[in-house]
Amino acid sequence: MLKAVFPGTFDPITVGHLDVLRRALKIFDRITIAIFENIQKKPLFPLEDRLAFISKSTQVFRTKVSVETFEGLLSEYCKKNQIRFVIKGLRALSDYEYETKMALINREINPDLETIFLVSPPEMATISSSVVRELLYFNGDISRYVPEKALQPIIAAYKKLQSGKLRNNN
Ligand code: PNS
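Residues numbered from 1 in each chain as written. Predicted model: local features only at pLDDT ≥ 70, side-chain atom pairs only at ≥ 80, totals over all residues. Heavy atoms only, no water.

Asks: Describe the sheet that holds strand E4 (residues 85-90), naming the residues involved and giving the relevant values.
Replies: Think of a sheet as strands paired side by side through backbone hydrogen bonds, with each pair either parallel or antiparallel. Judged by pairing direction, the sheet is parallel, and its five strands sit side by side in the order E3-E2-E1-E4-E5 without closing on themselves. Single-partner strands in this sheet number two, and they are strand E3 (65-69) and strand E5 (114-119). When strand polarity is set aside, the average angle formed by the axes of neighbouring strands in this sheet is 30 degrees. Pairing of E4 with E5 involves six bridges; the strand directions are parallel. Of the residues in E5, the one forming a bridge with valine 86 is threonine 115. Strands strand E2 (30-35) and E3 of the sheet are contacted by helix H2 (residues 47-57), whose axis makes an angle of about 175 degrees with E3. (Pairing = 2+ DSSP bridges. Helix = DSSP H or I, 4+ residues; strand = E, 2+ residues; numbered from the N terminus. Axes fitted to C-alpha atoms, helices over the stretch in contact; angles between N-to-C directions. Contact = heavy atoms within 4.5 Å.)

Encoded structure:
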């Protein structure tokens, strides 16, 4: 059985992530979506919210897809779980530069690890978690950027974060 990990911060999951997952399921039998920390980024949504958004969005694939969180290195996670393949999506040249560097570092730490890049279609080029966060901030419409099942949960979680912030400022 061929298994892979699809790592990321998923802050929050987008239709771009879902597209990568769908493509990866044509190759792999089992995929674990693993939420990791990216020390370059301070996440907006708490870990449990991000996990819930992914679970809701991937319910249709539940026999093949699982979701978990991991604190530490991706290469260590793969070693521990006997996973040899990492899936990453590429939207643009800028993704390529960053992702190939990460893939090489991961392989230096764990020589058994191969990163598989799946190229996103042009219509996904503008879709990213950061765009979703910015639209939320300015009260924009996020419906074409996030999976349908995660739309209301994301909006509700964002409102909760905002009301918490207001309470703390008063
Ligand atoms: O969605 P992102 O932010 O592009 O995902 C990046 C992520 C979380 C996959 C990456 O930062 C990562 O692998 N973090 C875990 C720590 C690690 O293994 N870093 C690479 C070696 S320095």
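Asks: Describe in detail the layout of surface pockets, supporting the description with residues and values.
Replies: The space that makes up the largest pocket amounts to roughly 1,300 Å³. Counting only elements with at least two residues in the lining of the largest pocket, the list comes to strand E1 (3-8), helix H1 (15-24), H2, E4, helix H4 (93-109) and helix H5 (129-137). At eight residues, H4 tops the list of elements feeding residues into the lining of the largest pocket. A per-class count over the lining of the largest pocket returns 20 nonpolar, 16 polar and eleven charged. Of the pockets and cavities examined, the second largest pocket occupies roughly 180 Å³. Looking at the second largest pocket, the residues that line it are Leu135, Leu136, Tyr137, Asn139, Gly140, Ile142, Ile155, Tyr158, Lys159 and Gln162. (1 Å grid on protein atoms, 1.4 Å probe; cavity = no way out; pocket = protein on both sides within 12 Å on 5 of 7 lines; lining within 4 Å. Points joined across faces, edges and corners; volume = space filled by probe spheres on them. Nonpolar A, V, L, I, M, F, W, Y, C, P; charged D, E, K, R; others polar.)

Asks: Tell me about the site of the ligand, residues and numbers included.
Replies: Of all residues adjacent to the ligand, which total 14 residues, the nearest are Thr9, Glu37, Asn38, Lys41 and Leu74. One nitrogen or oxygen atom from the main chain of glutamate 37 is found 3.1 Å from a nitrogen atom belonging to the ligand. The side chain of asparagine 38 places a nitrogen or oxygen atom 3.0 Å from an oxygen atom of the ligand. When isolated, the ligand has an accessible area of 550 Å², and the protein chains bury 81% of it. Judged by the fraction of its atoms near the pocket grid, the ligand is located in the largest pocket. Mapped by element, the contributors of at least two residues to the shell around the ligand are E1 and H4. (Near = heavy atom within 4 Å. Polar contact = N/O pair within 3.5 Å; in protein donor to acceptor, adjacent residues only side chain to side chain. Areas by Shrake-Rupley, 256 points an atom, 1.4 Å probe, with all protein chains shown as cover. Sits in = over half its atoms within 2 Å of the grid points.)

Asks: So what's going on with the environment of phenylalanine 36? Which residues, and what values?
Replies: Within the secondary structure layout, phenylalanine 36 lies in the loop between E2 and H2. Taking the C-alpha atoms as reference points, phenylalanine 36 and glycine 72, 36 residues apart in sequence, are found 7.4 Å from one another. Excluding residues within four positions of it along the chain, phenylalanine 36 makes contact with Pro7, Gly8, Thr9, Phe70, Gly72, Leu73, Leu74 and Tyr77.

Limitation: the analysis is restricted to geometry and does not speak to function.
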